[in-house]
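Below are the chains, spelled out letter by letter.
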Amino acid sequence: MPHTKQLSPSPVSAPKTLGPLSVEESELLRQLDLSRMPRHVAVIMDGNGRWAQRRHLPRIAGHRYGTKTARTTIETCARLNIEALTLYAFSVENWRRPKVETDFLMQLLREYIRKEMPLIQRNNIRMRFLGRIDELPLGVQKDVRQATEQTAANTGMCLCIAFNYGGRAEIVDAMNAILAQRAGNGPNGQVGGGHAAVKRNGHVSTNHKNGDAEQHKRADSNDHFQRITEDEVSSYLYTEGLPDPDLLIRTSGEMRVSNFLLWQIAYAEMYVSETLWPDFNRARLLEALVEFQKRERRYGGLRHPDSSDNSEATSLNDSPHAAGK
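Description of the structure in this document. Since this is a predicted model, take the numbers as computed values, not measurements.

**Let's talk about the overall build of the protein chain**
When you go through the protein chain residue by residue, the secondary structure sums to twelve helices and six strands. Residues classed as buried in the protein chain amount to 48% of the 325 residues present. Total accessible area on the protein chain is roughly 16900 Å²; 51% of this is exposed by carbon and sulfur atoms.

What follows is the structure, encoded as structure tokens:
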């Protein structure tokens, strides 16, 4: 649905629900226009291991301390009425780490879900898990399913945990799902489901030539003649139904996207912080949001020389950000 919030020439009053604020946090909040917040924020939570090593602690201590930062980030985003927050918690490449560390991360997720569920429910947050969840240990799968079901009726921010996630893997999974659907092996289990999928996305095949009846027949019976559209791919991604991220935050100063939401971040504004994730407090998050609002977002177009707040609103309404694609 289009993003219809009107832009305001002056910042909106800070929400009281954030609780006590430091002087720095108050100043950053004063700079924010709460009517122009990003709809979807994605975070690469990097630097747990280095944080621990600098304190001569085991790496797992950094991961555990990082959950406190995650709690602050989640609660702050929810109370600022951000529509979706995606946290990159465990990648498909992370299985290459020592088994003691991956086992700890599996247990940490289960512990986090149980411990934080009261906060999640109190803030009316819906949980989703992005990735190849069926490859996780059975106990983790069970907790993930329960958390998703327990929060499904909530109407606030959607919290997505990317776990056993990879951007390339997600695109491969989407393409295989489309092929299966077109072959009649899709969710509806009906032969010809591929035609329904193409019709649903508004695509009509244009591969028939000059009334050639035989070619027309072959095109109707072979789904590979039907072109795949961007909308169709998007509808099979793990993030189906969510707007693409407007803001991608990466901590620890690394200048790479690490196979994270490769399709979805096509037009995201990137913000890289030198701060290691366990030290990425509320002030650093607010700082990222303030910087986001200073960016000029054109989505490949040009901004008119006489642009104003109203023309910027028009530009946003025509953008992928507005369409929620």
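**Comments concerning helix H6 (residues 167-182)**
Compared with an ideal rise of 1.5 Å per residue, which puts 16 residues at 22 Å, H6 spans 23 Å between its outermost C-alpha atoms and is within 8% of the ideal. Looking at H6, one finds that the buried residues are Gly167, Ala169, Glu170, Ala174, Ile178, Gln181 and Arg182. Gly184 sits one or two residues past H6 and shows a positive phi near 90°.

**Quick word on the pattern of salt bridges**
On inspection of all chains with the given rule, the structure shows 24 salt bridges. A salt bridge links Arg55 to Asp279, with the nearest nitrogen and oxygen atoms 3.6 Å apart. Residue Arg55 is found in the loop between helix H2 (48-54) and helix H3 (59-79), and its partner Asp279 is found in the loop between strand E6 (269-272) and helix H10 (282-294); the two are separated by 224 residues along the sequence. Asp246 is the partner of Arg297 in a salt bridge, and the nearest nitrogen-oxygen pair spans 3.2 Å. With Arg297 in the loop between H10 and helix H11 (309-317) and Asp246 in the loop between helix H9 (230-235) and strand E5 (247-250), this pair connects stretches of sequence that are 51 residues apart. Under the relative-accessibility criterion, Arg297 is labelled buried at 13%. Several salt bridges share partner residues, and in doing so they unite Asp46, Arg50, Arg250, Glu254 and Arg256 into one network.

**Here we look at the sheet that holds E5**
One open sheet holds the six strands; their spatial order is E3-E4-E2-E1-E5-E6, and the pairing between them is parallel. In this open sheet, the two strands that pair with only one neighbour each are strand E3 (126-130) and E6. Shown here is a sheet whose adjacent strand axes are inclined to one another by a mean of 20°, direction ignored. Against the sheet, H10 engages strand E1 (40-44), E5 and E6, with an angle of about 140° to E5.

**Concerning the nonpolar core**
With 52 residues, the main nonpolar core has Leu159 and Leu289 as its most contacted residues. Examining the composition of this core, we find that ten residues originate from one element, helix H4 (residues 99-122), more than from any other. Not counting residues within four places of it along the chain, the set of residues in contact with Leu289 comprises Leu32, Met37, Pro38, Val41, Leu80, Ile82 and Leu247. Residues Ala42, Ala162, Leu248 and Ile265 belong to the second largest nonpolar core, which totals 16 residues.

**Here's the deal with the packing of aromatic side chains**
When we look at a pair of aromatic rings, we describe it by the centre distance and by the angle of the planes. Enumeration according to the criterion identifies eight aromatic pairs in this entry. A ring pair is formed by Trp277 and Phe280, whose centres lie 5.7 Å apart and whose planes are at 20°; its orientation type is stacked. Comparing Trp277 with Phe280, the two get one shared label, buried. Chaining the aromatic ring pairs together yields one cluster made of Tyr88, Tyr165, Tyr238 and Phe260.

**Quick word on the state of the cysteines**
Throughout the structure, instances matching the rule amount to zero disulfides. Of all cysteine sulfurs, the one in Cys158 lies closest to Cys160, which takes part in no disulfide; the gap is 3.8 Å. Assessed through its relative accessible area of 0%, Cys160 is described here as buried.

**Observations regarding the pairing of strand E4 (residues 158-165)**
Within a regular strand, side chains alternate between the sheet's two faces. In terms of residue burial, E4 counts as a mostly covered element, since eight of its eight residues are buried. Bridging between strand E2 (residues 84-91) and E4 involves seven bridges; their strand directions are parallel. Note on E4: the bridge partner recorded for Leu87 is Ile161. Of the crossover connections in this fold, the one passing from E3 over helix H5 (residues 138-150) to the parallel E4 is left-handed.

**Notes on the packing of H3 against H4**
Running from N to C, H3 and H4 point in directions that differ by 30°, and their axes come no closer than 11 Å. Taken together, the axis directions place H3 and H4 in an arrangement best described as roughly parallel. The interaxial crossing formed by H3 with H4 has right-handed handedness. Contacts from Arg59, Ile60, His63, Arg64, Thr67, Ala70, Arg71, Ile74 and Glu75 of H3 reach H4 at Glu101, Phe104, Leu105, Leu108, Glu111, Tyr112, Lys115, Glu116, Leu119 and Ile120. When the residues that make up the contact of H3 with H4 are grouped by side-chain class, the tally is nine nonpolar, two polar and eight charged.

**Re helix H1 (residues 23-31)**
Considered for burial, the residues of H1 that qualify are Glu25, Leu28 and Leu29. One face of H1 carries all of its buried residues, which in axial projection span an arc of 100°. Turned more than 90 degrees off the buried face of H1, the exposed positions are Val23 and Arg30. Where H1 is buried, its residues contact H10.

Cut-offs applied
- Counting starts from 1 at the beginning of each chain's written sequence and moves along it residue by residue.
- Reporting of local features is limited, given that this is a predicted model, to residues whose pLDDT is at least 70; pairs of side-chain atoms are given and counted only at 80 or more, and all residues count toward the totals for whole chains, interfaces and linings.
- Side-chain measures here rest on the full set of heavy atoms in the structure, leaving out hydrogens and waters.
- We count a stretch as a helix when DSSP gives it H or I for four or more residues in a row; a strand needs E for two or more, and each element gets its number in order from the N terminus.
- Residue burial is assigned from relative accessible area. The probe radius is 1.4 Å, only protein chains are included, and a residue is buried under 20% of its type maximum, exposed over 50%, and partly exposed in between.
- A 1.4 Å probe and the Shrake-Rupley method give the accessible areas. Residues count as covered only by the protein chains that appear here.
- Helix span, expected: 1.5 Å multiplied by one less than the number of residues in the helix.
- Salt bridges are counted wherever a side-chain nitrogen of Lys or Arg sits within 4 Å of a carboxyl oxygen of Asp or Glu.
- Paired strands are those between which DSSP finds at least two bridges.
- Only the stretch in contact is used when a helix axis is fitted, and all axes are lines through C-alpha atoms; the angle between N-to-C directions ranges over 0 to 180 degrees.
- Contacts were defined at the residue level, with two residues in contact if any of their heavy atoms lie within 4.5 Å.
- Among buried residues, those of type Ala, Val, Leu, Ile, Met, Phe, Trp, Tyr and Cys that are joined through side-chain atoms within 4.5 Å constitute a nonpolar core.
- When two rings of Phe, Tyr or Trp (its six-membered ring) have centres within 6.5 Å they constitute a pair, described as stacked for plane angles under 30 degrees, edge-to-face for angles over 60, and tilted for the intermediate range.
- By definition, disulfides here are pairs of cysteine sulfur atoms that lie within 2.5 Å.
- Seen with its strands pointing away from the viewer, a crossover is right-handed if its path from the first strand over the helix to the second goes clockwise.
- Each angle receives one of four descriptions, namely roughly parallel if under 35 degrees, roughly antiparallel if over 145, roughly perpendicular if within 65 to 115, and oblique otherwise.
- Should the near helix be turned anticlockwise from the far one by less than a right angle, the crossing is left-handed, and should it be turned clockwise, the crossing is right-handed.
- Side-chain classes are defined by residue name, with Ala, Val, Leu, Ile, Met, Phe, Trp, Tyr, Cys and Pro counting as nonpolar, Asp, Glu, Lys and Arg as charged, and the others, Gly among them, as polar.
- It is the directions from the helix axis to the C-beta atoms whose arc is reported.

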